[in-house]
Amino acid sequence: AHLNQAISDEMSRLTTYINTDPALTVSIIMHELPEGVLLATSPDIDGLTIEADNMDELQAEVKQWAPDLLRHNHGYTGGPITYIYSSPRGSTFLI
């Protein structure tokens, strides 16, 4: 029961953080391809398709290309971006 409450409290804290943070928040969906390569796509960023050999490289590539794609495809004018990474299996974390 304590674990469930702790999880509930943490989810509430993250939801509050996401909803009150002035940063643009975008979802990044990560897929592990059969070749062992990671693929990142986003329902929020038209054209974002990035492949990388590991998570560090994937995050670096997303941070490099997402602002340009947001600017060109969505009229983004700058400011902080919060990336919410998730997998089709349901794991989610903020970067």
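Cut-offs and rules
Residues numbered from 1 in each chain as written. Predicted model: local features only at pLDDT ≥ 70, side-chain atom pairs only at ≥ 80, totals over all residues. Heavy atoms only, no water. Helix = DSSP H or I, 4+ residues; strand = E, 2+ residues; numbered from the N terminus. Buried < 20%, exposed > 50% of the residue type's maximum accessible area, 1.4 Å probe, protein only. Contact = heavy atoms within 4.5 Å. Areas by Shrake-Rupley, 256 points an atom, 1.4 Å probe, with all protein chains shown as cover. pLDDT = per-residue confidence, 0-100. Core = buried A, V, L, I, M, F, W, Y, C linked by side-chain atoms within 4.5 Å. Pairing = 2+ DSSP bridges.

(A) Expanded view of the overall build of the protein chain. Tallying secondary structure elements over the protein chain gives two helices and five strands in all. Counting over 95 residues, the protein chain shows a buried share of 29%. At a minimum sequence separation of 6, the contacts of the protein chain that also span at least 24 residues come to 39%. By element, 53% of the accessible surface of the protein chain is carried by carbon and sulfur atoms, the whole surface being about 6100 Å².

(B) Spotlight on the confidence of the model for the protein chain. The predicted model of the protein chain averages 80 in pLDDT, with 69% of residues at 70 or higher. No element of the protein chain has a lower mean pLDDT than strand 5 (residues 92–94), which averages 51, and none a higher one than strand 3 (residues 49–52), which averages 95. Low pLDDT (under 50) marks residues 17–21, which in the prediction has five contacts with non-local residues, meaning those over four places away or in another chain.

(C) Structural context of the nonpolar core. The biggest cluster of nonpolar side chains holds 17 residues, and the ones touching the most others in it are V26, I28, I45, L58, V62 and Y83. Those elements that place two or more of their residues in this core are strand 1 (24–32), strand 2 (38–41), strand 3, helix 2 (55–74) and strand 4 (81–86). The element contributing the most residues to this core is helix 2, with four residues. With near-sequence residues (within four places) excluded, L58 lies in contact with M30, L38, L39, A40, I50 and A52.

(D) Representation of the pairing of strand 3 within the structure. Only one face of strand 3 is covered, namely the one carrying I50 and A52; the face carrying T49 and E51 has none of its residues buried. Bridging between strand 2 and strand 3 involves four bridges; their strand directions are antiparallel. Of the residues in strand 3, the one forming a bridge with A40 is I50.

(E) Region of interest: the pairing of strand 2. For strand 1 and strand 2, the ladder comprises four bridges, and the chain directions are antiparallel. Within strand 2, the position partnered with H31 by the bridge is L39. Counted along the chain from strand 1 to the antiparallel partner strand 2, the turn is five residues long, and its residue G36 has a positive phi close to 90 degrees.

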